[in-house]
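Given next are the chains, with one letter for each unit.
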Amino acid sequence: MQLSNVRAIVTGGVSGLGLAVAESIVKSGGKVALFDLNDEKGAAAVAALGDAQARYWKTDVTNETDVADHVAAASEFMGGLNAAINCAGILGAGRVLGRNGPMALDLFRSTVMVNLVGSFNVAKAAAERMQHNEAGTDGERGVIVNTASVAAYEGQIGQAAYSASKGGVVGMTLPMARELSRFGIRVMTIAPGIFWTPMVDGMPDDVQASLSASIPFPSRLGQPAEFADLVGYILSNTYLNGETIRLDGAVRLAPK
């Protein structure tokens, strides 16, 4: 897929990793539909990207009707849909047995709903559209890129909900890729390590320094643009399919 021809939905697209992906796609000549929940940041993102190349839809990724309607509207705006990049997610941090008792089930449920069910919800709605695209190189009709986390493999104490949700994203990648192969739709997942996001930006300097020191090489936090670069490569390389790629500077998370 040529990046100039990309017509992509980006969830979590108004900040952090999602915004970096949107910026990269627009810079390459593509168009983006930003699905998120922050109207103020959505308006700012569209203003920066250009309203001819980008549009924002306030979207709850766990709402099936919401997503289906907005996927249809986004496809009309962009003149098609051939990529969906799922970056929407929440941390859902909390111990199974905390100081105040067991974790509230709602916390576990909401984390899985946004990170896993939300990714599936957007992916299946996008695939339903992509299957009707004209086939390109190797018969390709679309690409879905999900975002997991290295916590899917070595989750820390307090990450039971988060790790479960991201492990689910990793687990559905291959079977979804196998199923959608008959339509020419590829499915890939990226498992980022510790990246510089708005959440990290608000942490104390000593915490940021400790996080950077934990990464073997390079000993720094990942940059959102590096995540976006990998998304761009995945979109352009037709032979990448059914795999999860760690992007983490060789970090392996400690128990806590």
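Rules behind the numbers
Residues numbered from 1 in each chain as written. Predicted model: local features only at pLDDT ≥ 70, side-chain atom pairs only at ≥ 80, totals over all residues. Heavy atoms only, no water. Core = buried A, V, L, I, M, F, W, Y, C linked by side-chain atoms within 4.5 Å. Buried < 20%, exposed > 50% of the residue type's maximum accessible area, 1.4 Å probe, protein only. Contact = heavy atoms within 4.5 Å. Salt bridge = Lys/Arg side-chain N within 4 Å of Asp/Glu carboxyl O. Helix = DSSP H or I, 4+ residues; strand = E, 2+ residues; numbered from the N terminus.

## Thoughts on the nonpolar core
By size, the foremost hydrophobic cluster in this structure holds 34 residues, and its most contacted members are Val21, Val32, Leu34 and Ile85. If we ignore the near neighbours within four places in the chain, the residues touching Ile85 are Ala8, Ile9, Val10, Thr11, Val21, Ile25, Val145 and Val231. Counting 27 residues, the second largest nonpolar core, distinct from the first, contains Ala74, Met78, Ala88 and Ala126.

## What about the pattern of salt bridges?
By the definition in use, this model includes eight salt bridges. As a salt-bridge pair, Arg109 and Asp106 come within 2.6 Å of each other at their nearest N and O atoms. With Arg109 and Asp106 both in helix 4 (residues 105-130), this residue pair falls three residues apart, about one helical turn. Judged by relative accessible area, Arg109 falls into the partly exposed class, the value being 43%. Judged by relative accessible area, Asp106 falls into the exposed class, the value being 53%. Asp248 serves as the salt-bridge partner of Arg246, at 2.6 Å between the closest nitrogen and oxygen. The class for Asp248 is buried, based on a relative accessible area of 12%. If you follow the salt bridges from partner to partner, you end up with Glu154, Arg246, Asp248 and Arg252 in one network.

## Things to note about unusual backbone geometry
The residue after Phe217, namely Pro218, is reached through a cis peptide bond having omega -10°. Relative to the assigned elements, Pro218 resides in the loop between helix 8 (205-213) and helix 9 (224-236). Unusually for a residue other than glycine, Asp138 sits at a positive phi of about 60°. Taking the relative accessible area as the measure of exposure, Asp138 reaches 69% and is therefore exposed. One non-glycine residue, Ala250, adopts positive backbone phi at about 70°. Of note, Ala250 is situated in the segment after strand 9 (244-247).

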